[in-house]
Amino acid sequence: MTDILANLAIGFGEALSLTNLAFCLIGVLVGTLVGVLPGIGPLATVAMLLPITFALQPVTALIMLSGIYYGAQYGGSTTAILVNLPGEASSVVTCLDGYQMARRGRAGAALAVAALGSFFAGTVATVLIVTVAEPMTELALRFGPAEYFSLMVFGLIGAVVLASGSVVNALAMIVVGLLLGLIGIDVNSGAQRYTFGIPNLSDGISFVTIALGLFGIGDIVLNLERGTDRSILATRLGGLWLTRAEARQAAAPVVRGTLIGSMLGVLPGGGAVLSAFAAYTAEKKLARDPTRFGHGAIEGVAAPEAANNAGAQTSFIPMLTLGIPSNALMALMIGALIMHGIQPGPQVLSSQPTLFWGLIASMWIGNLMLLVINLPLIGIWVALLKVPYRLLYTAILVFSAIGVYSIGNSVIDVFLTAVFGLLGYFFLKVGAEPAPLLLGFVLGPMMEENLRRAMLISGGDPMTFVERPISLGLLLAAAGLLALALLPKLRRARAEAFKEA
Amino acid sequence: MGLATVRVRDPQRLLFAVFLLVLGALGLALGWKLPMGTAVRMGAGYLPKVLSGILILFGAGLSLSALAVDGPPLDRWAWRRLGIVLAALCLFGILVEHAGLFVTTAVVVLFATAAAPDRRWREAAVFALVMAGFCTLLFSVFLGLPLPALPS
């Protein structure tokens, strides 16, 4: 306990420095902004701004980039409630009851419960990260290369099973990502792999290029072709305060949503989106009168909004303690660490304590900032919704181009982004989710390294992966998850869980 | 029932499968000369070949299932919009080191506007100037990124 307090003291000492506070504020403001705006999400934003954070201290950069992620969870609910459009994928379910509340003149109450629920969830999630960080790290430090390899296999499989869409397509996308991750100079032998003599490729393709191409550019074309309708509902907010009855109704769902989100965020493939869906489904199942859902039930706003924020934050746990990303955004965070010269993994806690605890402390500070800036500034965010997409996407394009150019001051990265933009559009059109590709790409080099080391230690005997108990357990868990996902009955249940909305 | 009954039931899946086959084949062909090594001491070519092989297996499997199981029809591609957006990115790459950030931003914003279904050229022109000024100030001047502000 004293340890935890001492660590928090280090963390708050770091996070409360003027620079870090300023960049935390910038992060959550940018996050809220992209959360509010449909058509641009935290993933593309983090990828775009990542190269620009290069000049900052690593901890400052991470504080800002994290702020974008959880800030977007707050912003997304605003659009969902007022416009019936999910500003963010994780706010899809908030539309259902949030918009109905707004139509009945309780928009203010819906916004307030979303913000307060998110803040509660953010606080709990921060405490949770602080408590489990050290034990998780100690466990991970005992891992050898075989355990690490199996852990990554488990992470990748889990990410596939828990995400939406076809399992087989997602598995294939992982392999595509792994293969792309091999591009560059082989660290062991110095051989050039798939570099075509282009000097930029000898360090590998930058993950920023891939992330922006797949998630940013492909989406722009899709949005242009489908059109983004964003007529704002002209409602009175109806006061930002909850009635006593509303507060009583919302309290338990917030707690349950926080619990569900905290658990699902840690799982591979988890994070904000899955948490929100699961929490909504759970509330509907638990409700005495499920027919109220979809007609402005406050529980339908409180639970998923708490869950998506809790999930967004606890997904940092495996990233920080194990160096394993549980979703595409955490893959970007891993990339950010590497770009700043920090090898992700359990040693980060001991080698970079101020970064580790500073980042965690900043999350709570950031949540507090969000609570303060969100509710009073709601008018500004709504006004921003009036920016038409025909202007927004040209700005996204230019920012993306500047971002990828600044990775290595090279125009080749800009052209490569166009290539991945084409691929991203192709994947969207054939129904292949691009997130597993990014996970495979980021984990690829680490997996190869650990596989080679494990095989070297075992003298080429692949049995090493099943003879070591932790490794075996992880592989069995991965196999079990995969089997579950492929069973016809569960496959249907999984499809329904994502269709619930 | 003969060969004539073979038809594509899931064109989206088939397209994805063909992509995997092509990528796997490319991976094998381009990585052919890399040393394979042994399982104990894996060479630089070990994983490239294994992964390419797996991709080909996935491609083959998905191709077969695309003939067996019904799926949604192919979506129409917005070729013109896709082309404009990608060309706008490339235009940035071509221009930025010569024309500087101000001119490049303005040109790219204007060019990309052609992809919008509801484009308004006069509004776009104003926005292009605003963006050019904003980006130049923020990135070249304030953040000091090595992007030339003006034509060199």
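What you see is a predicted model; the values in this text were computed from it and never measured.

The rules we used
Residues numbered from 1 in each chain as written. Chains lettered and ligands numbered in written order. Predicted model: local features only at pLDDT ≥ 70, side-chain atom pairs only at ≥ 80, totals over all residues. Helix = DSSP H or I, 4+ residues; strand = E, 2+ residues; numbered from the N terminus. Rg over C-alpha atoms; globule rule 2.2 N^0.38 Å. Buried ≥ 20, exposed ≤ 12 C-beta atoms within 10 Å, placed from the backbone. Contact = placed C-beta atoms within 7 Å. Nonpolar A, V, L, I, M, F, W, Y, C, P; charged D, E, K, R; others polar. Core = buried A, V, L, I, M, F, W, Y, C linked by C-beta atoms within 7 Å. Domains from an automatic or database assignment. Axes fitted to C-alpha atoms, helices over the stretch in contact; angles between N-to-C directions. Parallel < 35°, antiparallel > 145°, perpendicular 65-115°, else oblique. Left-handed = near helix turned anticlockwise from the far one by under 90°. Expected span 1.5 Å × (residues − 1).

Asks: For this particular structure, what's the right way to read the overall build of chain A?
Replies: A count of helical and extended segments in chain A gives 23 helices and 2 strands. Its C-alpha atoms give chain A a radius of gyration of 22 Å, near enough to 23 Å, the size a compact globule of 501 residues would have. Here the C-alpha coordinates of chain A stretch approximately 70 × 55 × 50 Å along the principal axes. Counting only residues that meet the buried cut, chain A has 60% of its 501 residues in that class.

Asks: So what exactly am I meant to see when it comes to the overall build of chain B here?
Replies: Along chain B, the regular secondary structure elements total 4 helices and 0 strands. Helices (α) and strands (β) of chain B occur, in sequence order from the N terminus, as α-α-α-α. Rg of the C-alpha trace for chain B: 24 Å, well past the compact-globule value of 15 Å for 152 residues, more than 25% over. For the C-alpha atoms alone, the extent of chain B along its principal axes is close to 65 × 50 × 20 Å. Split into buried and exposed, the 152 residues of chain B put 36% on the buried side. Pairs at least 24 apart in sequence give 62% of the contacts found in chain B among residues at least 6 apart.

Asks: What exactly am I supposed to notice about the interface of chain B and chain A here?
Replies: Buried accessible area, meaning the area lost when the parts come together, often serves as the stated size of an interface. Each partner contributes to the interface: chain B provides 56 residues, whereas chain A provides 49 residues. Among the elements of the structure, α1 (11-30), α2 (46-68), α3 (79-113) and α4 (121-142) of chain B are those that each provide at least two residues to the side of chain B that touches chain A. Take the side of chain B that touches chain A: its biggest share by element is 16 residues, from α3 of chain B. Here the residues of the side of chain B that touches chain A sort into 41 nonpolar, 9 polar and 6 charged.

Asks: What exactly am I supposed to notice about the nonpolar core here?
Replies: Proteins that are soluble and globular tend to have nonpolar side chains buried together. With 222 residues, the main nonpolar core has Val113, Val175, Ala211, Leu332, Leu397 and Leu438 of chain A together with Val85 of chain B as its most contacted residues. Among the elements that take part in this core, helix α6 (residues 107-141) of chain A stands out by supplying 17 residues, more than any other. Counting the residues that make up this core, at least three belong to each of domain 1 (3-68) and domain 2 (79-142) of chain B. Aside from chain neighbours lying at most four places away, what touches Leu438 of chain A is Gly177, Ile210, Ala211, Leu214, Ala328 and Ala331 of chain A.

Asks: What is the right way to look at the packing of helix α7 (residues 145-162) of chain A against helix α20 (residues 435-457) of chain A in this model?
Replies: For any two helices packed against each other, one specifies the inter-axial angle together with the distance between the axes. Residue and element names in this part refer to chain A. Direction vectors running N to C along α7 and α20 enclose 155°, while the axes themselves pass 8 Å from each other. Between α7 and α20, the interaxial angle falls into the category roughly antiparallel. In the crossing of α7 with α20, the sense of the turn from one axis to the other is left-handed. Taken together, the residues of α20 that come into contact with α7 (itself represented by Pro145, Ala146, Tyr148, Phe149, Met152, Leu156, Ala159 and Val160) are Pro436, Leu439, Gly440, Leu443, Met446, Met447, Asn450, Leu451, Arg453, Ala454 and Ile457.

Asks: Even after reading the chapter, I still don't get helix α14 (residues 328-339) of chain A, so can you show me in this structure?
Replies: Residues that lie three or four places apart on an α-helix share one face, since the helix turns once every 3.6 residues. Residues and elements named next belong to chain A. The end-to-end C-alpha distance of α14 is 17 Å, a good match for the 16 Å that 12 residues give at a rise of 1.5 Å each. Of all 12 residues that make up α14, 10 are buried, and the element is covered over most of its length. Ala328, Leu329, Met330, Ala331, Leu332, Met333, Ile334, Gly335, Ala336 and Leu337 are the residues of α14 that are buried. Packed against the buried residues of α14 are α3 (42-49), α4 (58-83), α9 (207-226), α13 (316-322) and α20. Gly341 sits one or two positions beyond α14 and adopts a positive phi of about 80°.

Asks: Mind showing me how you'd approach the domain arrangement of chain B here?
Replies: Domain annotation of chain B identifies domain 1 (3-68) and domain 2 (79-142). Relative to domain 2 of chain B, the C-alpha centre of domain 1 of chain B lies at a distance of 39 Å.

Asks: Teacher, can you tell me more about the environment of Arg288 of chain A here?
Replies: Assignment of secondary structure puts Arg288 of chain A in the loop between α11 (272-286) and α12 (299-314). Along the primary structure Arg288 of chain A and Ile10 of chain A are separated by 278 residues, whereas in three dimensions their C-alpha atoms are 46 Å apart.

Asks: Which parts of the structure should I look at to understand the packing of α3 of chain A against α9 of chain A?
Replies: Residues and elements named next belong to chain A. For the pair α3 and α9, the least separation of the axes is 9 Å and the interaxial angle reads 145°. The interaxial crossing formed by α3 with α9 has left-handed handedness. Along its contact with α3, which presents Leu43, Ala44, Ala47 and Met48, the element α9 presents Val208, Ala211, Leu212, Phe215 and Gly216. Across the contact of α3 with α9, the residue classes tally to 8 nonpolar, 1 polar and no charged.

Asks: What exactly am I supposed to notice about α4 of chain B here?
Replies: A rise of 1.5 Å per residue sets the reference length of α4 of chain B, with its 22 residues, at 32 Å; its end C-alpha atoms lie 30 Å apart and thus fit the reference within 8%. Burial in α4 of chain B covers these residues: Ala124, Ala128, Met131, Ala132, Cys135, Thr136 and Phe139 of chain B. Buried residues in α4 of chain B make contact with α18 (389-408) of chain A together with α3 of chain B. Directly beyond the C-terminal end of α4 of chain B, a positive phi value near 65° is found at Gly144 of chain B.

Asks: How should unusual backbone geometry be read in this particular structure?
Replies: Residues apart from glycine generally show negative phi values, whereas peptide bonds are mostly found in trans. Residues and elements named next belong to chain A. Unusually for a residue other than glycine, Tyr194 sits at a positive phi of about 50°. Tracing the backbone shows Tyr194 in the loop between β2 (192-193) and α9. The backbone phi angle of Asn409 is positive, close to 50°, even though this residue is not glycine. Position of Asn409 among the secondary structure elements: in the loop between α18 and α19 (411-430). Here Asn409 falls in the exposed class, since 12 other C-beta atoms lie within 10 Å of it.

Asks: What's the story with the environment of Ala102 of chain A in this structure? I'm lost.
Replies: Residues and elements named next belong to chain A. Take Ala102: it is sitting in helix α5 (residues 92-103). Assessed through the 27 C-beta atoms surrounding it within 10 Å, Ala102 is described here as buried. Each C-alpha atom of the pair Ala102 and Gly296 lies 8.0 Å from the other, and the pair is 194 residues apart in sequence.

Asks: What should I look at first to understand the environment of Ala432 of chain A in this one?
Replies: Following the sequence through the fold, Ala432 of chain A ends up in the loop between α19 and α20. Ala432 of chain A sits in the buried class, given 25 other C-beta atoms within 10 Å. With 167 residues separating them in the primary sequence, Ala432 of chain A and Gly265 of chain A have C-alpha atoms 23 Å apart. In contact with Ala432 of chain A, not counting residues within four places along its chain, are Asn169, Met173 and Phe427 of chain A together with Phe16 of chain B.

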